Amino acid sequence: MAFGQTKVSGVIIDKEFENKISYVNIGIKSKGVGTVSDENGAFELIIPKGFENSMLTFSHLGYEIYSINISKINESLTITLVPKKNVLEEVVIKPKKTFQMGHRHSEKSRRGIFSSKGISNQVGTIIKNRKSLVLKDFNFYIYDCNYQFLKFRLNIYDVKSKKPNDIINKDEVIFKINSSDKGVFSVDLREKDIIIKDDFICTLELLEVDGLINNKSNSIITLSLKPDKKGISFKQLISLDKWSVSKGYFLNFWVNGYEFE
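First, a word on scope: everything that follows refers to the structure included in this document.

Some words on the side chain of Ser 233
Reasoning step 1: Mapped onto the elements, Ser 233 comes out in strand β18 (residues 221-236).
Reasoning step 2: Ser 233 sits in the buried class, given a relative accessible area of 1%.
Reasoning step 3: At a separation of 3.2 Å, a polar atom in the side chain of Ser 233 contacts the main-chain carbonyl oxygen of Tyr 249.
Reasoning step 4: With residues up to four places along the chain from it excluded, the contact list for Ser 233 reads Gly 124, Thr 125, Ser 244, Val 245, Ser 246, Tyr 249, Phe 250 and Leu 251.

Next comes the structure, spelled out in structure tokens:
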């Protein structure tokens, strides 16, 4: 650890049930300092010199956001997150027909390298929509995977100021990819009750990696993309950081859903 740096570590638990919370986003907002907790709720983060009085924020779907001043941290932390008390209104869905939208892989698609210096990086693309849909599945195309095992979280955001804003899905969507997975990869969303009514952004957030296959490659996984003058895609290098915008291509992410009245 470099001079002046501070190491922060601890575990994150649910205040109501006292169970450990996996894959909590942790970071100093918009400053490029962050990580995610592991499967057992544990985390470790190096705070660079100059951020000693910054606020460290903990964020997870279904919980109230919690922040603490780094200057007040002097030992291993136990962070308790409070579950949100959401009142879910009942929605009666009358399906009309199935519908597909987004950017589907084709023979004209190109390879896009997903690279990362650590976990919690996420990439995504915008999908235009003017229908009312319940999502059935999310799909993308894999050329190759440079690890024996990867774990991702699918986040679906609404759009504000042409960037990802709030997460639409109420439940986490976490899935695994193995080195043998190639071609179209589909994530089942039928039990997630995700309702879409406007434009939305789908992102893949890296949570775990294991078993490097080729240490000469910078790639974690190679995905399909579509060159397009109107294309817009997004990247967040680390938890709670700013979103950067890339133009000129769409990631080939597409969804199937049920249109409803």
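Details of the environment of Leu 81
Reasoning step 1: Considering the arrangement of structural elements, one finds Leu 81 in strand β7 (residues 77-81).
Reasoning step 2: For the pair Leu 81 and Lys 15, spaced 66 residues apart in sequence, the C-alpha separation works out to 5.6 Å.
Reasoning step 3: Dropping the residues within four chain positions of it, Leu 81 is found in contact with Ile 12, Ile 13, Asp 14, Lys 15, Ile 21, Val 24, Phe 58, His 60, Tyr 63, Glu 64 and Tyr 66.

Things to note about the nonpolar core
In a soluble, globular protein the nonpolar side chains are often hidden away together inside.
Reasoning step 1: Core analysis: the largest hydrophobic core is formed by 34 residues, its most contacted members being Phe 138, Phe 140, Ile 177 and Ile 221.
Reasoning step 2: When residues of this core are traced back to their parent elements, those giving at least two are β10 (122-127), β11 (133-145), β12 (147-160), β14 (173-178), β15 (183-188), β17 (200-212), β18 and β20 (253-260).

Thoughts on the sheet that holds strand β3 (residues 33-36)
Two pairing modes exist for strands in a sheet, parallel and antiparallel, and in both the strands are linked by backbone hydrogen bonds.
Reasoning step 1: Sheet architecture is open: four strands sit in the order β3-β2-β5-β6, paired in antiparallel fashion. Looking at strand neighbours, the two that pair on one side only are β3 and β6 (66-69), the edges of this open sheet. Taken over all neighbouring pairs, the strand axes of this sheet differ in orientation by 15° on average, direction set aside.
Reasoning step 2: By the bridge criterion, four bridges tie strand β2 (residues 25-28) to β3 in an arrangement that is antiparallel. What sits directly across from Asn 25, in β3, is Val 36.

Here's the deal with the layout of surface pockets
Reasoning step 1: Considering only enclosed or pocket space, the second largest pocket measures out at about 220 Å³ in volume.
Reasoning step 2: Of the residues belonging to the lining of the second largest pocket, the class tally is three nonpolar, six polar and two charged.

Describing the packing of aromatic side chains
Reasoning step 1: A full pass over the atoms with the stated rule returns 12 aromatic pairs.
Reasoning step 2: Considering the side-chain rings of Phe 114 and Phe 152, the 5.6 Å spacing of their centres and the 85° angle between planes classify their relative orientation as edge-to-face. Highlighted residues: Phe 114 in strand β9 (residues 110-114) and Phe 152 in strand β12, separated in sequence by 38 residues. In this structure, Phe 114 and Phe 152 share a single accessibility class: buried.
Reasoning step 3: Members of the aromatic cluster, connected to one another through ring pairs, are Phe 114, Phe 138, Phe 140, Phe 152, Phe 175, Phe 185 and Phe 253.

Re the environment of Lys 49
Reasoning step 1: With respect to the helices, strands and loops of the structure, Lys 49 is situated in the loop between β4 (42-47) and β5 (55-59).
Reasoning step 2: Spatially, the C-alpha atom of Lys 49 lies 41 Å from that of Val 187, the residues being 138 residues apart in sequence.

Rules and cut-offs
Residues numbered from 1 in each chain as written. Predicted model: local features only at pLDDT ≥ 70, side-chain atom pairs only at ≥ 80, totals over all residues. Heavy atoms only, no water. Helix = DSSP H or I, 4+ residues; strand = E, 2+ residues; numbered from the N terminus. Buried < 20%, exposed > 50% of the residue type's maximum accessible area, 1.4 Å probe, protein only. Polar contact = N/O pair within 3.5 Å; in protein donor to acceptor, adjacent residues only side chain to side chain. Contact = heavy atoms within 4.5 Å. Core = buried A, V, L, I, M, F, W, Y, C linked by side-chain atoms within 4.5 Å. Pairing = 2+ DSSP bridges. Axes fitted to C-alpha atoms, helices over the stretch in contact; angles between N-to-C directions. 1 Å grid on protein atoms, 1.4 Å probe; cavity = no way out; pocket = protein on both sides within 12 Å on 5 of 7 lines; lining within 4 Å. Points joined across faces, edges and corners; volume = space filled by probe spheres on them. Nonpolar A, V, L, I, M, F, W, Y, C, P; charged D, E, K, R; others polar. Phe/Tyr/Trp six-rings, centres within 6.5 Å; stacked < 30°, edge-to-face > 60°.

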